[in-house]
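The chain contents come next:
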Amino acid sequence: MAVRVFLRISIIALLLSAAGASVAQETSRPFSKIVTEWNRTLDNAQQYVNDPVHFEGRNREYRRLLGDVRVAAQAAAEVATAEIAEQQRLLDALGPAPKEGAAAEKPEIAEQRQKYEEDIAFYRARVAQAEVALAKIEFLSASISELSRAELLMELLKENPLPFAPSTVSRAVPDLYRVANELARTPVKWWEGLSAEMRSSMIFLRLPMFLFVAFLVGWAIRYLAAKYLGCDPNIEEPTYARRLVGAIAEGISRGIFPALILSIVLIRITSDGAVITGPFATVLAALCKALILFVLAWALPRAALAPNDPNWRLTVLTPDGARQLSQRITILAAIVSTNAFFDGAIKALAPGQQLALEAQALFSFIFHSIIAAGLLAVLQPRLWRIDSEAARKRGEEDEVGSELPTVRSRFWFVVHGLFVLLAIGAFIASATGYGQLGSYLVHSLIVTGLIGGGLYLVRGVLRETVAVILRSALVSRKLALQHSTRRLAKFWLRAILDIFIAASSVFLIAPAWGVPVEDLTLGAGELLRGFTVGNVTISLLDFAVALLIFGVVILLTRAGQRGLAERILPQTQIDTGLQHSLSAGFGYIGVVIAIMLAVSAIGLDLTNIALIAGALSVGIGFGLQNIVNNFVSGLTLLVERPIKVGDWVVVGDQQGIVKRIQVRATEIETFQRTSVIVPNSAFLQEPVINRTHKDSFGRIEVPVGVAYGSDTAKVEQILLDVAKQNPKVASWPEPFVLFQNFGDSSLDFELRCYCPNVFDTFRAGSELRFAIDRGFRRKGIEIPFPQRDVHLKDIDRLERMFKPNKDDGKRES
C-alpha cells in the first residue's frame with residue numbers, strides 16, 4: 001500500500017507541476033502552516049478572478065500556483081488516507097470495544113484504542129481540509145481557463161483595417177518602407193556605436209572563424225553519415241529499417257546539425273557580454289531563428305520523401321508526388337521563415353517606430369495569403385496518392401492513400417479536409433481585416449504540420465525498433481516465444497506506441513491552438529488518478545503499472561522456463577516428459593504470481609476478489625463449466641502424469657504422439673502429420689490407451705493363414721525364425737506362435753513378438769510380413785485366398801427345365 005501511494009504521489013507531482021514543492025518538504029512542516037499557505041494562495045487567486053482586468057501572463061502564473069497547491073493537497077490526502085488505513089488496521093487488531101454493561105477491558109488496551117481513534121480522527125480532518133482545498137482549486141482553475149478562452153477569443157476577433165482598401169494601402173506602403181529602412185540600418189547604427197578600440201580589435205573574427213570551423217565539421221559529418229549510414233544507390237530494395245537509418249542520417253547531416261550550429265550562434269548573440277548588442281542583435285537573433293526553422297522544415301521532409309531516390313523513400317507516395325511535395329514544402333518553409341524573421345526583427349525597433357495598424361494589416365494579409373496558398377498547394381490530394389506497386393512490394397497497403405478505403409485513410413481524409421478549410425479560413429480572415437485570427441490559424445497549422453511530421457518519423461523509428469527487438473535471438477530463442485506470439489506482441493506494442501504518440505501529439509499540438517498546458521496536465525492527472533466505484537479506485541496509472549509488472553514477470557517466467565528446459569533439467573537425467581511437466585508447472589506458477597502481483601498493483605483487495613469469485617461460482621458452474629473442467633484436468637495431467645509429452649496415446653478414434661499439454665487442451669500429432677486438439681477432460685473421463693506409459697516396449701502381432709494340409713510344425717518354425725532374425729525384435733520376451741483356429745479357408749496362426757521401441761512396431765511388422773512371404777514361398781507353403789463351394793439341389797430337374805426344345809425350333813422355321 002505504501003509503495004502504491006508513493007508511486008501515485010510521485011507521478012501525479014511530475015505530471016501536474018514541474019516546479020511543485022516535494023512531498024517530503026511539505027510533510028516536514030506543520031500541517032497548519034501548509035493549510036494557511038494554501039488558503040492565502042486560493043484567496044489571492046479568487047481576488048484575481050473577481051478583478052475585471054486580466055492578463056494572460058497572470059493567468060499562467062495563477063495556474064502554476066494553483067497547480068502547486070493541488071499537488072500538495074493531493075499528496076497530503078494520499079498520505080493521510082494511508083495513515084487512516086494503517087491506524088484502522090491496528091484498531092481492528094484490538095477487536096471490538098466492550099458493549100455497554102459488559103466487563104471493561106484492560107486500561108492499557110483502552111488507552112491504546114483511544115489513541116488509535118484519535119489518530120484516525122486527526123487524519124480524517126486532514127483529508128477533509130485537503131478535499132476542501134481541492135474543491136476550491138477546481139472552481140478557480142475552471143474560472144481562469146474561462147478567462148483565458150474569453151481573452152483569446154477577444155484577441156482573435158479584434159478587427160483591423162481592410163488590407164486592400166485604398167486608404168490602408170496608401171498609409172501602409174510608406175510605413176513598410178520606413179520600417180525596412182530602419183531594419184537595414186541596424187548594423188550601421190551598431191557599428192557607429194562602437195568605440196575605436198572595439199573596431200580595431202580582432203574580436204569580430206571569432207564568429208566567422210567559428211562558422212568556418214563549424215562548416216568544416218558539418219561537411220565531414222555529412223560526408224561520413226552519407227557514406228556509412230546514408231542512402232546507398234547500389235542497394236535496390238533496402239529494408240524499412242535500412243531506409244529509416246538512411247533518412248535519419250540525411251536528416252541529421254542536412255538539418256539537425258546545421259540547426260545546432262545556428263542555435264549555438266543564437267546563444268552567443270543573446271548571451272550576456274556578447275559583442276553584438278542592441279537592435280542589431282535582435283535582428284540577428286530573428287535571422288538565426290528563421291534559418292533554423294527553414295533548415296529543419298526543408299531537411300527533415302526531404303529526408304523522409306527522398307525525392308531523387310524512390311527506393312529509399314519512407315512513404316509509398318508516387319515519385320512525381322514526392323518530388324513536387326518536397327519542392328512545395330521547401331518553398332512554403334522559405335515563406336514561413338521569412339515571415340518569422342520579419343515578425344522577430346520588427347521587435348528590435350522602438351515602440352514608436354514599429355508598424356502602424358494599417359501596415360500590420362497589409363503585411364499580415366500578404367504573408368498569410370501566400371502561406372495559405374502554399375498550404376493549399378502542399379495539401380493537394382494528387383500529391384498524396386500512394387504508389388500501388390511500391391505499396392505491394394513493401395507490404396504497406398495500409399498506408400495513407402486516396403485509393404485505400406481503410407479506417408486510416410478515412411481519418412487522414414478528415415484531417416486533410418480540416419487543414420484545407422482552416423487554410424482557406426486564414427486567407428479569408430486576413431482579407432476581411434481579422435489579421436490576428438489569420439495569424440493564429442496560419443501559425444497553428446504550421447506548428448501542427450511540423451509536430452505531426454516529426455511524430456510520424458518518431459513513430460516509424462519506434463515501430464521498427466519493436467520489430468527488431470522481437471526478431472532478435474533474445475526474444476525468439478532465450479524467451480522461447482513462438483512466431484504467432486511475437487506477432488501478437490508486436491501488434492499490441494505498436495498499438496500502445498500509437499496511443500502514446502497520439503497522447504504526445506495532443507500535448508504538443510494543443511498549446512499551439514491556445515489550449516493551456518496546465519489544463520492538459522490537469523486533465524491527464526485526473527485521467528491517471530481515475531475514479532472511485534464503491535471502495536475501489538479505478539486508475540489508468542495503476543492499470544499501466546499492473547500491465548508493466550505482469551509483462552515483466554511473464555518475461556522472467558519464460559526466461560526461467562527456457563533455462564529449465566535447456567540447461568538445468570537436461571543435466572538431471574529426468575524423464576523427458578517429466579522435464580516438460582516441471583517446465584510447464586513453472587510457467588503456470590509464474591502466470592499465477594504475475595496475476596496476483598498485477599491485481600495487487602491495481603489496488604484490489606484479494607478478499608474482495610474471493611467474494612466476487614464466490615458470487616461467480618454459480619455462473620462458472622453453468623457457463624464456464626467446461627473451461628474450468630479442462631483447466632483442472634490439465635493441472636491433474638501435469639501432476640499425476642498419466643500422459644506426458646512424447647507418449648503414444650489412443651483417445652477414442654484418434655491416436656498419435658503427445659506434442660503439447662496446455663492449460664485447456666492437449667495437442668496430439670497423428671501419424672498423418674495432422675494435429676488433433678483434445679480437451680484435457682477427455683483424458684480423465686474416457687479410457688485412454690498409453691502405449692509408452694511405463695516403458696517403450698510394444699508387441700507386434702502378425703496373423704497369417706496357410707492352406708489345409710500344410711505342415712503346421714514347419715509353419716511354426718518359419719515364423720519363429722523370421723522373428724528371431726529381425727534386428728528390431730527383442731530376444732526377451734521371446735517370440736512365440738499361436739495356432740489360433742481352423743478357419744473356413746485356412747489354418748490360422750499368429751506370430752507374437754516384442755519390439756524394444758514401440759515406435760518401430762509398424763516398420764518391424766512390415767518387415768516380418770515380407771520375410772514370412774519369402775519363407776513360405778521357399779518351403780512351398782500356400783497362403784490360400786478365401787473360397788466357398790456352392791452345391792445346388794435338384795440340378796438335373798433345373799437343367800431339363802431350362803434346356804431348349806428341338807421341336808420348337810422346327811415349328812418356328
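Think of each chain on its own: its residues are numbered from 1, step by step along the sequence as written. In keeping with the model being predicted, local features are shown solely for residues with a pLDDT of at least 70 and side-chain atom pairs are shown and tallied solely at 80 or more, while totals for entire chains, interfaces and linings include all residues. Based on all heavy atoms of the structure, the side-chain values leave hydrogens and waters out of the count.

J.: Explain the environment of Ile-501 to me, please; I cannot follow it from the model alone.
T.: If you trace the backbone, Ile-501 turns up in helix H17 (residues 483–509). When sequence neighbours within four positions are dropped, the list of residues in contact with Ile-501 reads Leu-455, Val-458, Arg-459 and Leu-462. By the criteria applied, helices consist of DSSP H or I runs no shorter than four residues and strands consist of E runs no shorter than two, each listed in order from the N terminus. It only takes one pair of heavy atoms within 4.5 Å for two residues to be counted as in contact.

J.: What am I meant to see in the pairing of strand S9 (residues 736–742) here?
T.: Each regular strand displays side chains that alternate between the two surfaces of the sheet. In this analysis, strands are considered paired if DSSP registers two or more bridges between them. In terms of strand pairing, S9 meets strand S10 (residues 747–755) through six bridges, oriented antiparallel. Bridging from a neighbouring strand, Phe-739 pairs with Phe-749 of S10. Counted between consecutive antiparallel strands, the loop separating S9 from S10 contains four residues.

J.: Would you explain the pattern of salt bridges in this entry?
T.: Think of it this way: side chains of opposite charge can pair up when their charged atoms draw near. Think of a salt bridge as a Lys or Arg side-chain nitrogen and an Asp or Glu carboxyl oxygen that are within 4 Å of each other. This structure, assessed with the given rule, holds 21 salt bridges. Note that Asp-68 and Arg-64 form a salt bridge whose closest N and O atoms lie 3.6 Å from each other. On the criterion of helical spacing, the pair formed by Asp-68 and Arg-64 is a turn pair, its members being four residues apart in helix H4 (residues 56–93). Each residue is placed in one exposure class: buried if its accessible area under a 1.4 Å probe, protein chains only, is under 20% of its type's maximum, exposed if it is over 50%, and partly exposed if it falls in between. Overall, Arg-64 belongs to the partly exposed group, its relative accessible area being 40%. Here Arg-70 and Glu-138 are joined by a salt bridge, their closest N and O atoms 3.8 Å apart. Of the two residues, Arg-70 is situated in helix H4 and Glu-138 in helix H5 (residues 107–156); the sequence distance between them amounts to 68 residues. If you follow the salt bridges from partner to partner, you end up with Arg-459, Arg-463 and Asp-498 in one network.

J.: Looking at this model, I keep getting lost on the side chain of Asp-175. Mind explaining?
T.: Mapped onto the elements of the fold, Asp-175 is located in helix H6 (residues 166–192). When its relative accessible area of 11% is taken as the criterion, Asp-175 is described as buried. Here a polar contact is taken to be a pair of N or O atoms separated by no more than 3.5 Å, where protein atoms must pair a possible hydrogen donor with a possible acceptor and residues adjacent in sequence count only if both atoms sit in side chains. Looking at Asp-175, its side chain comes within polar contact range of the side chain of Arg-178, at 2.6 Å. Of the polar contacts made by the side chain of Asp-175, one reaches the backbone nitrogen of Ala-356; its length is 2.7 Å. For Asp-175, the residues in contact, after removing those within four places along its chain, are Gln-354, Leu-355, Ala-356 and Ala-359.

J.: I tried to follow the packing of aromatic side chains on my own but got confused; where do I start?
T.: Each aromatic ring pair is characterised by the separation of its centres together with the angle its planes make. Each pair of aromatic rings taken from Phe, Tyr and Trp, with Trp reduced to its six-membered ring, is defined by centres within 6.5 Å and is described as stacked if the planes are under 30 degrees apart, edge-to-face if over 60, and tilted in the remaining cases. Evaluation of the coordinates by the stated rule reveals 19 aromatic pairs. For the ring pair Phe-491 and Trp-492, a centre distance of 5.2 Å and an interplane angle of 75 degrees mean the geometry is edge-to-face. Like Phe-491, the residue Trp-492 is exposed in the burial classification. Both rings, one in Trp-648 and one in Phe-671, keep their centres 5.0 Å apart while their planes meet at 75 degrees; by these two values the pair is edge-to-face. With a gap of 23 residues between them, Trp-648 in strand S3 (residues 648–651) and Phe-671 in the loop between strand S5 (665–669) and strand S6 (675–679) connect regions that are remote in the sequence. Under the relative-accessibility criterion, Phe-671 is labelled partly exposed at 38%. Among the aromatic residues, those joined into a ring-pair cluster are Phe-341, Phe-342, Phe-363 and Phe-367. A ring is considered to have a charge above it if a Lys NZ or an Arg CZ atom is located within 6 Å of its centre and within 35 degrees of its normal. The lysine or arginine in question, Arg-691, covers the ring of Trp-648, its NZ or CZ lying 4.3 Å from the ring centre.

J.: What am I meant to see in a positive patch on the surface here?
T.: Patch membership is restricted to residues that have no salt bridge and whose relative accessible area is over 30%. Joining uses 9 Å for like charges and 5 Å for the nonpolar side chains Val, Leu, Ile, Met, Phe, Trp and Tyr. Where accessible areas are quoted, they stem from the Shrake-Rupley method and a 1.4 Å probe; at the residue level, only the protein chains shown are allowed to cover. Charge counting treats Lys and Arg as positive and Asp and Glu as negative, with His and both chain ends excluded. Charge positions come from single atoms, namely NZ of Lys, CZ of Arg, CG of Asp or CD of Glu. The grouping of Lys-714, Arg-774, Arg-778 and Lys-779 at the surface amounts to a positive patch. Counting residues per element, the positive patch draws most heavily on helix H25 (residues 761–779), at three residues. Topologically, Lys-779 is positioned in helix H25.

J.: How do you make sense of the sheet that holds S9 when you look at a structure like this?
T.: Hydrogen bonding along the main chain pairs the strands of a sheet, whether they run parallel or antiparallel. Strand order in the open sheet formed by three strands is S8-S10-S9, and the pairing between neighbours is antiparallel. Bordering the open sheet on either side are strand S8 (698–706) and S9, each of which pairs with just one other strand. Averaged over all adjacent pairs, the angle separating strand axes in this sheet is 25 degrees, with direction ignored. Sitting on the sheet, helix H24 (residues 712–725) is in contact with S8, S9 and S10, with an inclination near 20 degrees to S10. Geometry is summarised by axes, namely lines fitted to C-alpha atoms with helices restricted to the contacting stretch, and by angles between N-to-C directions that run from 0 to 180 degrees.

J.: Is there a simple way to think about a nonpolar patch on the surface in this case?
T.: A cluster of nonpolar residues, Phe-212, Val-213, Phe-215, Leu-216, Val-217, Trp-219, Ile-221, Tyr-223, Leu-224, Tyr-228, Leu-229 and Val-245, forms a patch on the protein surface that exposes about 1,200 Å² of accessible area. Looking at where Val-245 falls in the secondary structure, it is placed in helix H9 (residues 240–270). Residue Val-245 is classed as partly exposed on the basis of its relative accessible area, which comes to 37%.

J.: What is the right way to look at the packing of helix H3 (residues 31–50) against H5 in this model?
T.: Between two packed helices, what matters for the description is the angle formed by their axes and the separation of those axes. Between H3 and H5, the shortest axis-to-axis distance is 10 Å and the interhelical angle comes to 20 degrees. Taken together, the axes of H3 and H5 are roughly parallel relative to one another. Relative to H5, H3 is oriented so that their crossing is left-handed. Between H3, through Phe-31, Val-35, Trp-38, Asn-39, Leu-42, Ala-45, Gln-46 and Val-49, and H5, the contact on the second element is made entirely by Arg-126, Gln-129, Ala-130, Ala-133, Lys-136, Ile-137, Phe-139, Leu-140, Ser-143, Ile-144 and Leu-147. Side-chain classes are defined by residue name, with Ala, Val, Leu, Ile, Met, Phe, Trp, Tyr, Cys and Pro counting as nonpolar, Asp, Glu, Lys and Arg as charged, and the others, Gly among them, as polar. Split into classes, the residues belonging to the contact of H3 with H5 amount to 13 nonpolar, four polar and two charged. Should an angle lie under 35 degrees it is considered roughly parallel, over 145 roughly antiparallel, and from 65 to 115 roughly perpendicular; all remaining angles are considered oblique. If you view the pair so one helix is near and one far, a crossing is left-handed when the near helix is turned anticlockwise from the far one by less than a right angle, and right-handed when it is turned clockwise.

J.: Just checking my understanding: could you explain the confidence of the model for the chain for this structure?
T.: The predicted structure's coordinates, where accompanied by low pLDDT, should not be read in detail. This prediction gives the chain a mean pLDDT of 80; 83% of its residues lie at or above 70. Here residues 1–7 scores under 50 on pLDDT; set against residues more than four positions off or in separate chains, the count is nine contacts. Note on scores: pLDDT gives the predictor's confidence for each residue, bounded by 0 and 100. Note that pLDDT drops below 50 for residues 396–408; the model gives that stretch 28 contacts with residues more than four away or on any other chain.

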